[in-house]
Amino acid sequence: MEWLTVPFEVTFVQRALWGGMLVSAICALAGTWVVLRGMAFLGDAMSHGLLPGVAVAALLGGNLMVGAVVSAVVMTAGVTALGRTPRLSQDTGIGLLFVGMLSLGVIIVSRSQSFAVDLTGFLFGDVLAVRQQDLLVLAVALLAALAVSVLGHRAFLALAFDSRKAHTLGLRPRLAHAVLLGLLGLAIVASFHIVGTLLVLGLLIAPPAAALPWVRSVCGVMVLAALLGTLATFGGLLLSWHLSTAAGATVAALAVSLFFLSHVLSGLRDRRARRVHSTAPLLQVN
């Protein structure tokens, strides 16, 4: 039993656990729509698109979160604007923004003689460095994400399954898409300093994708995804403590492992259901 509890007696591990739980909830709210709409590439592009703002903020001695927010706003505005260009596919626009923002960030970093930006921390995060003020920021971000999710739920739902119907119902699908991009940006900005931009998709995509086969409602997917993200955070921190591995990467890897486990178990469940269904008439005859 001590194997489970000893790591969480340490203050910075406790803060990491709380930070991971808050991030899991935020990512569940945004990631569910990302999974339902097939927007994983967009999430990846936006996470890497934070680099220019973070680099400038670090070089100027400013707040990295503020720099990340600025970059997220630029990416959201860019994706929204390019999405309205009929001669350019959305994937093409996202790919160009992805490469452009990432290249700009690397150029900014390379111009610094001291290389003040910690690229390793940006890419992989440092969940064990979560501070008390970071928890407050994450709590505010969670409240904002929850408010956006509740207010925009009807529009997001119509947009995910039939954008033409959303327009017919007067739900303004373009505005809903822009707000959804903002929600995605909020989740990424809130998460990047916890697990890093390379690993943020682990908590953004894996828990909702793992939850999808087991529940029938969007809200149910969000709740189960938040629980799975919390489980991945707890297990990842526990394993990283005892195995001396990178905490953020271990959390993300465990989240992805839970997805594959869910995929296997749901496949076995469906196979068993088909077998029972196919044998039911024979049992009735006998």
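Analysis parameters
- As a convention, each chain's residues are numbered from 1 in the sequence order in which they are written.
- Totals for whole chains, interfaces and linings use every residue, but because this is a predicted model, local features are given only for residues with pLDDT of at least 70 and side-chain atom pairs only at 80 or more, for both listing and counting.
- Note that the side-chain values use all heavy atoms of the structure and ignore hydrogens as well as water.
- In summary, the pairing rule links any two rings of Phe, Tyr or Trp, Trp by its six-membered ring, whose centres are within 6.5 Å, and it sorts them by plane angle into stacked for under 30 degrees, edge-to-face for over 60 and tilted for everything else.
- Helix and strand assignments come from DSSP, with helices taken as H or I runs of at least 4 residues and strands as E runs of at least 2, each series counted from the N terminus.
- Any residue under 20% of the maximum accessible area for its type is buried, any over 50% is exposed, and the rest in between are partly exposed; the area is computed with a 1.4 Å probe on protein chains only.
- When the NZ atom of lysine or the CZ atom of arginine is within 6 Å of a ring's centre and also within 35 degrees of its normal, the charge is said to sit over that ring.
- Here a polar contact is taken to be a pair of N or O atoms separated by no more than 3.5 Å, where protein atoms must pair a possible hydrogen donor with a possible acceptor and residues adjacent in sequence count only if both atoms sit in side chains.
- We call two residues in contact when some of their heavy atoms are within 4.5 Å.
- Residues belong to a common nonpolar core when they are buried Ala, Val, Leu, Ile, Met, Phe, Trp, Tyr or Cys residues joined through side-chain atoms within 4.5 Å.
- To get an axis, fit a line to the C-alpha atoms, keeping to the stretch in contact for a helix; angles then go from 0 to 180 degrees between the N-to-C directions.
- Oblique is the label for any angle not under 35 degrees, not over 145, and not in the 65 to 115 range, which are roughly parallel, roughly antiparallel and roughly perpendicular in turn.
- Gly is placed with the polar residues, together with every amino acid not listed as nonpolar (Ala, Val, Leu, Ile, Met, Phe, Trp, Tyr, Cys and Pro) or charged (Asp, Glu, Lys and Arg).
- A pair is scored as a salt bridge if a Lys or Arg side-chain nitrogen falls within 4 Å of a carboxyl oxygen belonging to Asp or Glu.

Novice: Got a minute to help me understand the packing of aromatic side chains in this structure?
Specialist: Pairs of aromatic rings are described using the distance from one ring centre to the other and the angle between the two planes. If you walk through the whole model with that rule in mind, you get four aromatic pairs. Geometrically, the ring pair formed by Phe8 and Phe234 is stacked, given 4.7 Å between the ring centres and 10° between the ring planes. A residue pair is termed long-range when its members are at least 10 positions apart, and Phe8 in the loop between helix H1 (2-5) and helix H2 (11-37) and Phe234 in helix H13 (residues 218-243) qualify at 226 residues. With 6.4 Å between their ring centres and 80° between their planes, Phe41 and Phe98 make a pair best called edge-to-face. Residue Phe41 is found in helix H3 (residues 40-48), and its partner Phe98 is found in helix H6 (residues 90-110); the two are separated by 57 residues along the sequence. Judged by relative accessible area, Phe41 falls into the partly exposed class, the value being 36%. Here Arg269 stacks its cationic end above the ring of Trp214, 4.5 Å away from the centre of that ring.

Novice: Help me understand the side chain of Ser24, please; the structure alone is not making it clear to me.
Specialist: As for its placement among the helices and strands, Ser24 is situated in helix H2. Judged by its relative accessible area of 2%, Ser24 falls in the buried class. A polar contact is formed between the side chain of Ser24 and the side chain of Thr233, at a distance of 3.5 Å. Leave out the neighbours within four places in its chain, and Ser24 touches Leu203, Ala226, Gly229, Thr230 and Thr233.

Novice: Is there a simple way to think about the nonpolar core in this case?
Specialist: As a rule of thumb, nonpolar side chains are buried together in soluble globular proteins. Counting residues in each nonpolar core, the largest one holds 69 residues, and the members touching the most others are Ile26, Trp33, Leu42, Leu50, Leu184 and Leu204. Residues Ala210, Ala211, Val221 and Ala225 belong to the second largest nonpolar core, which totals seven residues.

Novice: What am I meant to see in the packing of helix H11 (residues 173-195) against helix H12 (residues 200-211) here?
Specialist: A pair of packed helices can be characterised by two numbers: the angle between their axes and the separation between those axes. Close contact between H11 and H12 brings their axes to 8 Å; oriented N to C, the two are set at 130°. The angle between the axes of H11 and H12 places the two elements in the oblique class. In contact with Leu184, Ala187, Ile188, Ser191 and Val195 of H11, H12 contributes Val200, Leu203 and Leu204. Residue composition of the contact of H11 with H12, by class: seven nonpolar, one polar and no charged.

Novice: Sorry, what's going on with the pattern of salt bridges here?
Specialist: Oppositely charged side chains are able to pair whenever their charged atoms sit close together. Scanning all chains against the criterion turns up two salt bridges. With its nearest N and O atoms 3.3 Å apart, the salt bridge here joins Asp134 to Arg131. The exposure class assigned to Asp134 is buried, which follows from its relative accessible area of 10%. Put simply, Asp270 and Arg269 hold a salt bridge, and the shortest N to O gap is 3.2 Å. The class of Asp270 is partly exposed, set by a relative accessible area of 32%.

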